[in-house]
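# Commentary on secondary and tertiary structure
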Amino acid sequence: METLFQPIYYHLPPKLSWQADEAVLDLDQRPHLLARVEIRGTHFPERDAQPFVRLAGRRGGGVLSWFAEIDEDGACLSGYFPVDALDEAAVVEYGYGNQVLGRLEGIEPLRIDHLDRARLPKDLVVVTDEVIEKSRRKAGGRMPR
């Protein structure tokens, strides 16, 4: 009698890591200062749905990234936020469209590497919630660039 053996493969969750810093990006032909949260440790494929990063606080609520980008090799997902959005974050979530695919918990407080403001361009736009709202109204809700 022959016994059939079917292996079962378990996919362990990836070992994710994150880093938060400030970044200067050229948006609408002007330098903009944003907070950036980078997530690494898995492959982030390009999909039809837009990627996102979401920061959630201990008391609920949260901040969705203004926009998010995947680097060319798919090794890093970067979410961009207003510079003051990281103050209350305790959980970082990521996904595509409206589907959360992963979360990093126990982040208290979210550490951020700040840029030396004295060395930044004089015409720098410091991105706040107000700047994002004005940009969305002007662009009809489209992502910057």
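Computed from a prediction, not measured in an experiment: that's the story for all the values here. Going along each chain's sequence as written, the residues are numbered from 1 onward. Local features in this predicted model are restricted to residues of pLDDT 70 or higher, and side-chain atom pairs are both shown and tallied only at a pLDDT of 80 or more, whereas totals for entire chains, interfaces and linings draw on every residue. Think of the side-chain values as coming from all heavy atoms in the structure, minus any hydrogens and water.

## Focus on the pattern of salt bridges
Salt bridge, as applied in this entry: a Lys or Arg side-chain nitrogen positioned within 4 Å of an Asp or Glu carboxyl oxygen. Applying the stated criterion across every chain yields a total of seven salt bridges. We note a salt bridge from glutamate 22 to arginine 117, for which the minimum N-O separation is 2.8 Å. One end of the pair, glutamate 22, is in strand β1 (residues 17–27); the other, arginine 117, is in the loop between β8 (99–104) and β9 (125–126), with 95 residues separating them in the sequence. Residue class for glutamate 22 comes out buried when judged on its relative accessible area of 4%. Notably, a salt bridge pairs glutamate 93 with arginine 103, separated by 2.4 Å at the nearest N-O pair. Residue glutamate 93 is located in strand β7 (residues 89–96), and its partner arginine 103 is located in strand β8; the two are separated by ten residues in the primary sequence. On the accessibility criterion, glutamate 93 (8% relative accessible area) is buried. Its relative accessible area of 41% is what places arginine 103 among the partly exposed residues. The numbering of helices and of strands both runs from the N terminus, where a helix is a DSSP run of H or I of at least 4 residues and a strand a run of E of at least 2. The buried label applies to any residue whose accessible area, calculated with a 1.4 Å probe on protein chains only, is under 20% of its type's maximum; exposed applies above 50%, and partly exposed to all values in between.

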